[in-house]
Each structure stands twice: as C-alpha cells, then as structure tokens.
Amino acid sequence: MKSMKDHLAIGQEIESLRQRLEQHNYNYYVLDKPEITDSEYDALMKSLKALEAQYPEYDSPLSPTKRVGGEVLEGFTKITHEMPLLSLDNAFNAEDLREFDKRVKKEVSGDVSYVVEFKIDGLTVALKYVESNLVTGATRGNGVVGEEVTNNVKTIKSIPLKLKTEEAVDLVVRGEVFMPKQGFQKLNEAQILMGKEAFANPRNAAAGSLRQLDSKIAAARPLDIFVFEVISSSQNLSLTSHFESFEKLKAMGFKMVTPVKYDDIESVIQYCNQMIDERHQLPFEIDGLVIKVDDFEQRRHLGVTSKSPKWAIAYKFPAELAETVISEIRVQVGRTGVLTPLAEFNPVKVAGSIISRATLHNKAYIAEKDIRVGDTVYIQKAGDVIPAVVSVKLDQRPESAQAYEFPTKCPICETAVIQIEGEAAVRCPNEECPAKIKRKLTHFVSRSAMNIDGVGESVIDTLLENDLIESIPDLYCLSEKKEALIAIERLGEKSVENMLKAIEESKQNDLYRLIHGLGIPLIGEKAAKSLAQHFGSLTKLLEADFETLRNINDFGDKMAYSLLNTLSSSDFRLQIDRLKALGVDLKSQQTIDQEGVFSGKTVVVTGTMQKYTRDEIKSIIEAQGGKASGSVSKKTDMVVAGENAGSKEEKAKSLGIRIISEAEFEELLKKA
Ligand SMILES: NC(=O)c1ccc[n+]([C@@H]2O[C@H](COP(=O)([O-])OP(=O)(O)OC[C@H]3O[C@@H](n4cnc5c(N)ncnc54)[C@H](O)[C@@H]3O)[C@@H](O)[C@H]2O)c1
Ligand SMILES: [Zn+2]
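About the cut-offs
- Residues numbered from 1 in each chain as written.
- Chains lettered and ligands numbered in written order.
- Predicted model: local features only at pLDDT ≥ 70, side-chain atom pairs only at ≥ 80, totals over all residues.
- Helix = DSSP H or I, 4+ residues; strand = E, 2+ residues; numbered from the N terminus.
- Buried ≥ 20, exposed ≤ 12 C-beta atoms within 10 Å, placed from the backbone.
- Contact = placed C-beta atoms within 7 Å.
- UniProt positions renumbered as here; feature names shortened; annotations may be inferred.
- Pairing = 2+ DSSP bridges.
- Near = placed C-beta within 6 Å.
- Nonpolar A, V, L, I, M, F, W, Y, C, P; charged D, E, K, R; others polar.
- Domains from an automatic or database assignment.
- Core = buried A, V, L, I, M, F, W, Y, C linked by C-beta atoms within 7 Å.
- Axes fitted to C-alpha atoms, helices over the stretch in contact; angles between N-to-C directions.
- Parallel < 35°, antiparallel > 145°, perpendicular 65-115°, else oblique.
- Left-handed = near helix turned anticlockwise from the far one by under 90°.

**Q** Would you mind showing me how to read the overall build of the protein chain here?
**A** Each helix and strand counted, the protein chain has 24 helices and 22 strands in total. A total of 672 residues make up the protein chain; the buried ones form 36% of that total. Long-range pairs, those at least 24 residues apart, make up 68% of the contacts in the protein chain between residues at least 6 apart in sequence.

See below:
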C-alpha cells in the first residue's frame, strides 16, 4: 500500500501539473503567446493523463485532460454551439495509432475505413448556414461557448456566403482558419516595419487576426480556410459518410482539405511517416494528420468523451530537433528584473528556420541538466515558439567544459541578485537598473499593454540614449520636446508626429491596459482586467485592501500580496501621481455587472440534464465569469437542477437559494 506521504506527494504533483497546464492554456488560447513548445505541452499533458489513470481517486471533471482548453475573449458576443466543438485525442507514434485502431475495432462491428486529413495549424471556426445563407461564424472558445466572429469570417474570400445548392439547406460546418506561410512572412515583415511585435507563428497570427473586434483588421490579413467536418445538416442532405460529404461540400462551394481513405491502420501509418518530411513542401503549416472513422453510423456508435470524439485521433509529427554546440551563455534582464539565461551557438536549421540562440529558462534548469559552454546540445523549436535547449549529449562533452556558474550580480548594473524562496527566478532588485527601465518602458508601450503605435523597442532605445525619458510618465512629457525629437536623425518629423499622437491617444485607453502596462509582478493582462472591472478607477484601486483583493476572481494570496506591496511603495505612488497630473487617469470602460450572466456568482449544478452534460454547464458558468461549486452552502447564489437532483436541491430550497431548470439556464444564456 502507498504510504500517506506518497499519496500526498502524488496529489500535489497532479495539482501542480494541472495548474501548469491551465497557465499554458491561457498563454496559448487567450494571449496567443505560448511560452513552451507544443511538444513540451503535450508531454506535460501525457504525464498528467498517466497519473490520473493510475490514481483515479484524484480524478476531476475540471482537469485539463477533460476539458477543451480555450476561453472566450472579452468584448465578443458569445455563441453557444449547437453541438460542443471538441478537441482531439493525440497519437505520437505508430504504436499509439495501432492502439486507436484496436479501441475502434472493439466497439464497432464490420470493416472500418479511415479517412486521413491534414491537421491544419490554425483555429477552428463553426460556420452556420440557414437556407443556404451564411448566418454566423464562431470560434471554438471553450468548446461549448465560442466567440461570434461573423463579420471577420465574411472577409475570408474562400468562405461562401451563399451555398450552391438546388434546394435550400441548413448546415453547420467546421473548418480551420489559417494563414499561409507566405502571407505570414509578409505580415510579419510589415509588423516589424510598423514597430509592432512579430507573431510567433502562423497559428498565432491567424488566431490573433480572426479574434479582432474590428473586422477591418481581419480583412487586411491574409486568412484562408479549409473546411473539414459537417457538424449538423438538414435531412435533405442525407449524409452517411465523411468521405462522401466532402464531395457534396465541395460542390456547395467550400474549400476542403484533401482527404485520403485507407482500409487498414498499417497503410495509415505508412502515410503518416511519409508526410513527416513532405509537409515542408506545403504552402501552409500542418502540425500532424487527423485520422477519422469514415462511416457516420460507426461514429455514432463510438461516441465522444467530454473532450474529444472517440472516432478520431490526431497524429502529431515528432518534434524537430537540431544539434549544435553552445559557444556562450548570456543572461538577459527582464522588466521585473528576472535574469533569463540564453545559449548562443552556431546557427542551425530547426523546423524550417535558422536560429543561433535558445532559452535556458532559468538557473535551476541549467543546473538540473548541467548545461555547459562547449556542450553539444539538442535544440527544439516545435510549434515554432521560443527555441529551447532540451538536452545535452554528455558523451560529447569536452574535458575542459566547466560547470556553469549563474551570475551572483546583475550583468547590467552589478547589483547583487536575489532569489525569493519557492521561485525559480533570480532577480536584480535594483529599481534603477537600466535593463529593467528599458524593458518596463517597452512593456508599457507594447500591444497587449498601452498599445502605443510607432513606439517600439528601438524607439525606446533611442529615447533613453538621448536622455529624453527615464521613466514611464516621461513618455507623456515628450510633446514638449518635439524639436529635440525631430533633431534625432533616426526619427523623421512625420514619425515623431505619429508617435506623439499615439501617446496622446493612449490617454483614452481602458484602465486595464494601464494596470497591465505598469508591470506589477504576478499581475498579467487577465488579472489587470479583473482589477479594472472591479475597481473602475486608479484612485479606487489604490485604496484596495488585502481581503478585497484576494476575493477577486482568480486571485490568490500571492497575487494579492504582490499587488499590495507595489501599491504601498512610495515610488509607485509617485509614478501614479505624475501620470494623473499628466492626464493619464484611465477609467474602466466595463464594470463587472455587464460581464457574463454568472459573473461573481457561485453556482451549483446537480441532477441529470437533457441537453448538456453537467461538465458542460459548469464550463459555461465559468466561461461567463461564475464559479461552479460542488456543494450547496449559504454562499451559493444559484442552483441549476436537472432531473432527480436530490439532496442538493432540498438543501438549496431550505436555504432559500434560487433554483433554476436546464431550460431556464438556457434562457439566461440567451440574455448573455
Ligand atoms: N505551447 C503551449 O503552451 C500550448 C498550450 C495549449 C495548447 N497547445 C497545443 O494545442 C494542442 C491542443 O489544442 P487543441 O485542443 O486545439 O487540440 P489540437 O490542436 O491538438 O486538435 C484539435 C484541433 O485540430 C484542428 N484541426 C485542424 N485540421 C483538422 C482536421 N482536418 N480535422 C479535425 N480537426 C482539425 C481543429 O481546429 C481542432 O480544434 C496541444 O496538443 C498543443 O499542441 C500548446
Ligand atoms: Zn540590474
């Protein structure tokens, strides 16, 4: 038997994996800015799945293994999908595919044909047609509720607005919106020219372009679509198999992925292997292949889980690795003073691009892998995020290689560094550190913060070099220094004017952009939004106390402490006072009540539902800003009760808590 202690440790490990995956989901789906490679993410997910299978006592319906990872962005109209838009289960090698084949054959009788398609690396949209006319386009969101992006979708020329059909049909199809490689390159060149951040990869670029509130932006981006699935269709279409549906959809005017059909899994495997190299020739990126049971009757028989259909699997290509020798380890200082080590090496080609530098994450990562200058290492750039050093070839280590000593002083200002217990990060504590100041300023003007056009990293550099700014508030004094600005050779009169205009306009931003832009440790964009919605103004925020802060949605004690710490520092207050005096006193344009219907409410879901599963209802509540809780107490605001709800419903009645049916729940959603 496992000892109590082992059990505790396993519980903690499961919890920690869940938290890490949630954070990565947020970076990937909400910010469109992943921090780890897809294969690192997949490996974390695999470990969590294995642990949950081994220790079912820790099972939870809220685990990232059981949920679609996305969220709905603020500002968009929400659409509840007619049928949940699920994710896919993964296969990483031939063995996984054979296992999939076995699972399928165990459930269905008769021969099974598989259709294999490109797994386009973009984002899902559901297109709904009524009487052959396009009525809505929606993103996947959390699978149950997505973002309405109809106007953006309409800007994609390969999406038919009216279907070519003899009789009118009702139809919902699912497709992948993506950005072709060439369009992506051009877009990034233009972004850089305009002093904006480049997109990490075509997927992020596509997601970031489609999820725009202003459809003019989407229209200007080179987006395209491949349709790959019928979600629902009216009787008169009488579809019986996937392969057959392709022909019909094509005839209606859709741009379809090209499918191939096989009758045995070994042929599927052969095709997968062949595509590992051939995919590089394609004009768009694919991150794998999707293998689907062809026959719709067999699909119905196989069914779905809360996260993915059992009749399909995604084969993911192996991560691409390159080998190189580390010539130097450099340390960069970030805006919160965090020292990030980077490995420099002879340029190598990974996943189609040439790189000469990769992240080593932090001090502990180098120590754990014992990475040294002179080592031959593997570099990975799967999913095209920041390349990372993944492992060392110890047998090729030169004798002279010395263990790496992490700096004890800041490489820029030479202040002794600090490391807070329990944190991986080593920091420079000097508030005046030039590296920090520069990063703070670049963060402040960046797209996700104050979004000041025309002021990018190189402009900040120039302003600092010319002693025109020293701190954030100084940006708002630049209008008085116009002559000096124009005198700088690198800035033309026109660009100075645009820059000053953009700075002035940023005074109209929503409060969250300012809170996020001020770079308070642990307070990211999402937390800044919660704060802005909760407090509405800077003045109110400055008066916040610990209890209020920790009760804000998604806030933990650590975040509340960090924020209080910053708010009480005299430097920070001085900065705020100066900003206010300069007219930067932003207000929140959205207070909490206008948000989701369940905002701030604790809701218990109980009993058997007809249309949704309980988990789906819970995810919807959470997507709408509420908290789904397991037990009824005085703190419960509402109970959604299905059939045979039992003791929870009784308790809610006795406490006088509002109880609603599944149908009433749906009604509420429509008002959202
Ligand atoms: N790097 C990170 O931090 C990070 C974080 C979260 C997710 N991810 C990546 O995203 C994956 C999970 O994302 P997901 O839930 O969207 O699953 P997925 O991308 O593995 O597969 C599902 C998606 O594939 C797409 N798709 C493309 N072509 C298709 C076709 N022909 N048929 C069916 N579907 C097709 C659909 O949009 C569908 O939603 C992870 O495995 C990981 O690779 C990475
Ligand atoms: Zn420093």
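Having seen the model, we can carry on.
**Q** Looking at this structure, how should I read the UniProt feature "binding site: NAD(+)" (unreviewed entry) in the protein chain?
**A** Taken from the UniProt record, the annotation "binding site: NAD(+)" (unreviewed entry) applies to Asp38, Ser39, Glu40, Tyr41, Asp42, Ser87, Leu88, Glu117, Arg140, Glu176, Lys292 and Lys316. Mapped onto the fold, Glu40 is located in helix H2 (residues 38–54). Exposure remark for Glu40: the 19 C-beta atoms within 10 Å place this residue in the partly exposed category. Given 24 C-beta atoms within a 10 Å radius, Glu176 is considered buried. Leave out the neighbours within four places in its chain, and Glu176 touches Ile120, Gly122, Leu123, Thr124, Ile225, Phe226 and Phe228.

**Q** Help me understand unusual backbone geometry in this model?
**A** Working note: non-glycine residues mostly have negative phi, and peptide bonds are mostly trans. Backbone geometry places His361, a non-glycine residue, at a positive phi of 65 degrees. Examined against the element boundaries, His361 turns out to sit in the loop between strand S14 (353–359) and helix H11 (363–369). Taking the C-beta count within 10 Å as the criterion, His361 has 20 such neighbours and is therefore assigned buried. In the Ramachandran plot, Asn644 falls in the positive-phi region, its phi being about 50 degrees despite a non-glycine side chain. Topologically, Asn644 is positioned in the loop between strand S21 (638–641) and helix H23 (647–655).

**Q** Would you take a moment to explain the pairing of strand S3 (residues 114–120) for this structure?
**A** Strand residues, when the strand is regular, have side chains that alternate between the two faces of the sheet. Across the seven residues of S3, six count as buried, placing the element largely inside the fold. Of the strand pairs in this sheet, S3 and strand S9 (residues 260–262) are connected by three bridges, and their pairing is antiparallel. The partner of Val115 across the bridge, within S9, is Lys261.

**Q** Explain the UniProt feature "active site" (unreviewed entry) in the protein chain here, please?
**A** In the numbering adopted here, UniProt assigns the feature "active site" (unreviewed entry) to Lys119. The topology assignment puts Lys119 in strand S3. Those residues in contact with Lys119, other than ones at most four positions away along the chain, are Ile286, Asp287, Gly288, Leu289, Val290 and Ala314.

**Q** Is there a simple way to think about the site of ligand 1 in this case?
**A** Taken together, 26 residues sit near ligand 1, with Tyr28, Pro34, Asp38, Ser87 and Thr124 positioned nearest. Of all the elements in the fold, those that place two or more residues in the shell around ligand 1 are helix H1 (4–30), H2 and S3. Taken together, the residues of the shell around ligand 1 sort by class into 12 nonpolar, eight polar and six charged. When we break the shell around ligand 1 down by domain, the ones giving at least three residues each are domain 1 (4–58) and domain 2 (78–316).

**Q** I keep staring at the nonpolar core and nothing clicks. Help me out?
**A** It is characteristic of soluble globular proteins that their nonpolar side chains tend to be buried jointly. Counting 77 residues, the largest nonpolar core has Val177, Ala206 and Ile291 as its most contacted members. Summarising the domain contributions, this core has at least three residues from each of domain 2 (78–316) and domain 5 (596–670). Leave out the neighbours within four places in its chain, and Ala206 touches Gly122, Leu123, Val177, Phe178, Met179 and Leu223. Counting 46 residues, the second-largest nonpolar core is a separate cluster that includes Leu485, Met499, Leu511 and Ala527.

**Q** Hey, could you run me through the sheet that holds S9 in this one?
**A** Read from one edge of the open sheet, five strands run S2-S11-S10-S3-S9, paired in mixed fashion. Each edge of the sheet is formed by a strand with only one pairing partner; in this case those strands are strand S2 (90–91) and S9. Both strand S10 (residues 286–293) and strand S11 (residues 312–316) contribute to a ladder of five bridges, which runs antiparallel. For Val290, the partnering residue across the bridge sits in S11 and is Ala314.

**Q** Help me understand the sheet that holds strand S5 (residues 133–139), please; the structure alone is not making it clear to me.
**A** Strand pairs in the sheet, formed through backbone hydrogen bonds, run parallel or antiparallel to each other. In space, the four strands of this open sheet follow the order S5-S4-S7-S8, with antiparallel pairing throughout. This sheet does not close on itself; its edge strands, each paired only once, are S5 and strand S8 (224–233). Direction aside, the axes of adjacent strands within the sheet are offset by 25 degrees on average. Sheet topology places strand S7 (residues 171–178) next to S8; eight bridges connect them, and they run antiparallel. Within S8, the position partnered with Arg174 by the bridge is Glu229. In the packing of helix H6 (residues 202–210) onto the sheet, the strands contacted are strand S4 (123–130), S5 and S7, and the crossing angle to S7 comes to about 125 degrees.

**Q** Can you help me understand the environment of Tyr28 in this one?
**A** Mapping Tyr28 onto the fold places it in helix H1. Along the primary structure Tyr28 and Ala207 are separated by 179 residues, whereas in three dimensions their C-alpha atoms are 9.9 Å apart.

**Q** Help me understand the packing of helix H3 (residues 94–107) against helix H9 (residues 265–278) in this model?
**A** How two helices sit against one another is set out by the angle between their axes and by the gap between those axes. Here H3 crosses H9 at 150 degrees, and the two axes come no closer than 10 Å. Considered as vectors, H3 and H9 are oriented roughly antiparallel to each other. Crossing of H3 over H9 shows right-handed handedness. Where H3 approaches H9, its residues Ala94, Leu97, Arg98 and Asp101 are matched on the opposing element by Ile265, Val268 and Ile269. A class-by-class count of the residues in the contact of H3 with H9 yields five nonpolar, no polar and two charged.

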